[in-house]
Every structure is written in structure tokens, then in C-alpha cells.
Amino acid sequence: EDQVTQSPEALRLQEGESSSLNCSYTVSGLRGLFWYRQDPGKGPEFLFTLYSAGEEKEKERLKATLTKKESFLHITAPKPEDSATYLCAVIVSGNQFYFGTGTSLTVIP
Amino acid sequence: GAGVSQTPSNKVTEKGKYVELRCDPISGHTALYWYRQSLGQGPEFLIYFQGTGAADDSGLPNDRFFAVRPEGSVSTLKIQRTERGDSAMYLCASSPLVSSEQYFGPGTRLTVT
């Protein structure tokens, strides 16, 4: 069964304290992996797409990486405005998207 | 440019009633997805359209749920005989290609009393 698991479920960081979020997946026919940010009561906002192992993407304080079994979202020197839930999703050969349950990030000033 | 819009933003209905949720995708996007999200969970796939036809409706939980996209743009998710368990945030997303990144609307919060 296709599965996406995110860890940790929740993470509290001091402002400026770098860390990483993990997304591991067991799927057949992976076509791509996506990271989204979701603020409370809003729809997810697209961050990155990764298609092949070894690929990396960066945007401001965020950097996403992909291996054959997992992806990491690295957050460097986070700010309070980075507080949100970060969702990982994979698209498989049938064009379905499977989302993880997310990591709730809180950055304390 | 205009993003994905969904109406209504909130819908409260009584158990057993019929509801329609509307999604206006980004102009030119051929793929449109519907998801359901419960509190503390990730979005759960319901159905996706490529153009006018439902390419995959395997995520619809039962035959009370139905969705259409008659002209390949606006889509409507229809729920008959609503149950309290249908209460959730319903999200719509569109993408320029089926396998590319999705752009989400703000969602419709459905509450069945």
C-alpha cells in the first residue's frame, strides 16, 4: 500500500534554530514529490517539486532534498513567520496524490 | 493573476440535506483535483478531472458523493443525504498538467449538524 509518513508530528524551534523535517514514502511508481506549507484555515501553498534522487531545491530559508526513500525539508535560521504546517505529497503512476499528515512547526521569537 | 477560488467558504447544513461546493480553477489549468481534509490530517484525495471527464474517482467515499466539470473549467462537488461524518474542509486544486504542482483554493468548511 502506498504510504507517506512525516516526522516529527510537531516541532518547536527558537528563532534562528535550524532543523529538518522528514518525509518518508513507500510507494510504487513515484513520479514526483511535493512540499507544501499550510496556514491554519487555509489551503496548502506550493513550495517545491522534486523528481529524482539527489535533486535539491531552495527558496529563502527552505531547502528540500530527495533520496530514493525520503525527502528532507531543511529550515535555516527560521523566523516566527515560518510557523505553519508543512505537508509532503507524492504523485504515483496512476496520477493520484498522496499526502502525509504534516509537521506542525512553531518558531518562538 | 487570479488563483483558485472556492465557494462558499463556509457551509452549515442539517443532516440529510444536499449540498454543492464550487471550485473555479486557474484559467488554462487542465487538471482539477478535489480533496477532503479533517483536522490534523493531510488532504485526502477524492477525485480528479483531466478536462471535462473524471479521470479517477476512486477516492470518493460512497455514492452520495459526485463531482462534475461540464465545460472543463468550473467544477462542482455534490453531496447527497449529508451525514455528520462528512464535516470537513473540502479543498480544490488545479494544475497545468496532471503530474505537476497543484495550486489550492482556500477551501470550503462544511459542517453537518
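The structure this text deals with has already been given above.
Residues numbered from 1 in each chain as written. Chains lettered and ligands numbered in written order. Predicted model: local features only at pLDDT ≥ 70, side-chain atom pairs only at ≥ 80, totals over all residues. Heavy atoms only, no water.

A few words now on the sheet that holds strand β3 (residues 19-24) of chain B. Residue and element names in this part refer to chain B. Read from one edge to the other, the open sheet built from four strands follows the order β1-β3-β8-β7, with strand pairing classed as antiparallel. Because the sheet does not close on itself, it has two edges, and the strands there are β1 (5-7) and β7 (65-68). Here the average twist between neighbouring strands, direction ignored, is 15 degrees. Where β7 meets strand β8 (residues 75-79), four bridges bridge the pair, whose relative direction is antiparallel. The residue bridging phenylalanine 66 from the neighbouring strand is lysine 78, located in β8. (Pairing = 2+ DSSP bridges. Helix = DSSP H or I, 4+ residues; strand = E, 2+ residues; numbered from the N terminus. Axes fitted to C-alpha atoms, helices over the stretch in contact; angles between N-to-C directions.)

Looking now at the interface of chain B and chain A. Contacts between chain B and chain A engage 22 residues on the former and 20 residues on the latter. Across the contact surface, chain B and chain A share zero salt bridges. Linking chain B with chain A are two residue pairs in polar contact (both at pLDDT 80 or more), by the criterion used here. Looking at the side of chain B that touches chain A, the elements that each hand over two or more residues are β4 (31-37), β5 (44-50), β9 (88-95) and β10 (103-104) of chain B. (Contact = heavy atoms within 4.5 Å. Salt bridge = Lys/Arg side-chain N within 4 Å of Asp/Glu carboxyl O. Polar contact = N/O pair within 3.5 Å; in protein donor to acceptor, adjacent residues only side chain to side chain.)

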